[in-house]
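# Chain and residue survey
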Amino acid sequence: MDRKAKMKVLEKLIDAGFNDEKKVTNFELADIVTAKIDNKEIPIVIELREAAKNHKVISFLAGETEKKKTNVLGGKENGQRNQI
């Protein structure tokens, strides 16, 4: 997602009173209405919550968020080790 969209969402959150990392981390479903978040902006809010939780807000805004590894190999019965 582009930086402008992220900044727009961040401005909406700040205007709605979500002006620090703790408040952003505690953002709930009902707060979408309060902050006037559009459907297309929900993924940005979710990413921002994770970034605030992990102290990576600047990286998030710069577009350098880490992707979680989802590739998990089969169990030990196949002679393979699990990846994390």
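Figured I'd write up the structure that's included with this text. (Residues numbered from 1 in each chain as written. Predicted model: local features only at pLDDT ≥ 70, side-chain atom pairs only at ≥ 80, totals over all residues. Heavy atoms only, no water.)

## A word on the overall build of the protein chain
To keep it simple, the criterion reads: Helix and strand definitions follow DSSP, with helices as H or I runs of at least four residues and strands as E runs of at least two, each counted in order from the N terminus. When accessible area is computed with a 1.4 Å probe and restricted to protein chains, residues below 20% of their type maximum are described as buried, those above 50% as exposed, and intermediate ones as partly exposed. Contact between two residues is taken to exist if any of their heavy atoms lie within 4.5 Å; hydrogens are not considered. Throughout, the Shrake-Rupley method with a 1.4 Å probe supplies accessible areas, and for residues the shown protein chains are the sole cover considered.
From N to C terminus, the protein chain includes five helices and zero strands. Helices (α) and strands (β) of the protein chain occur, in sequence order from the N terminus, as α-α-α-α-α. Counting across all 84 residues of the protein chain, residues that qualify as buried make up 25%. The contacts of the protein chain with a sequence gap of at least 6 include a subset with a gap of at least 24, amounting to 46%. If you sum the accessible surface of the protein chain, you get close to 6700 Å²; carbon and sulfur atoms cover 52% of it.

## Observations regarding the environment of Val 24
For Val 24, the position within the fold is in helix 2 (residues 21–25). Residues Val 24 and Glu 50, 26 residues apart in the sequence, show an inter-C-alpha distance of 9.2 Å. Apart from the residues within four sequence positions on either side, Val 24 is in contact with Phe 18, Leu 48, Arg 49 and Ala 52.

## Description of the packing of aromatic side chains
Just so we agree on the cut-off: Centres within 6.5 Å make a pair out of two Phe, Tyr or Trp rings, where for Trp the six-membered ring is used; the pair is then stacked when the planes are under 30 degrees apart, edge-to-face when over 60, and tilted otherwise. Here, a charge over a ring means that NZ of Lys or CZ of Arg falls within 6 Å of the ring centre while also lying within 35 degrees of the ring normal.
Per the counting criterion, the structure on display carries one aromatic pair. Taking the ring centre of Phe 60 as reference, the NZ or CZ of Lys 6 above it sits at 4.5 Å.

## Comments concerning the side chain of Asp 31
The criterion, for reference: Throughout this description, a polar contact denotes any pair of N or O atoms lying within 3.5 Å of each other; where both atoms belong to protein, one of them has to be capable of donating a hydrogen while the other can accept it, and for residues adjacent in sequence the pair is counted only when both atoms sit in side chains.
Within the secondary structure, Asp 31 is located in helix 3 (residues 31–34). A distance of 2.8 Å separates the side chain of Asp 31 from the backbone nitrogen of Glu 28, its partner in a polar contact.

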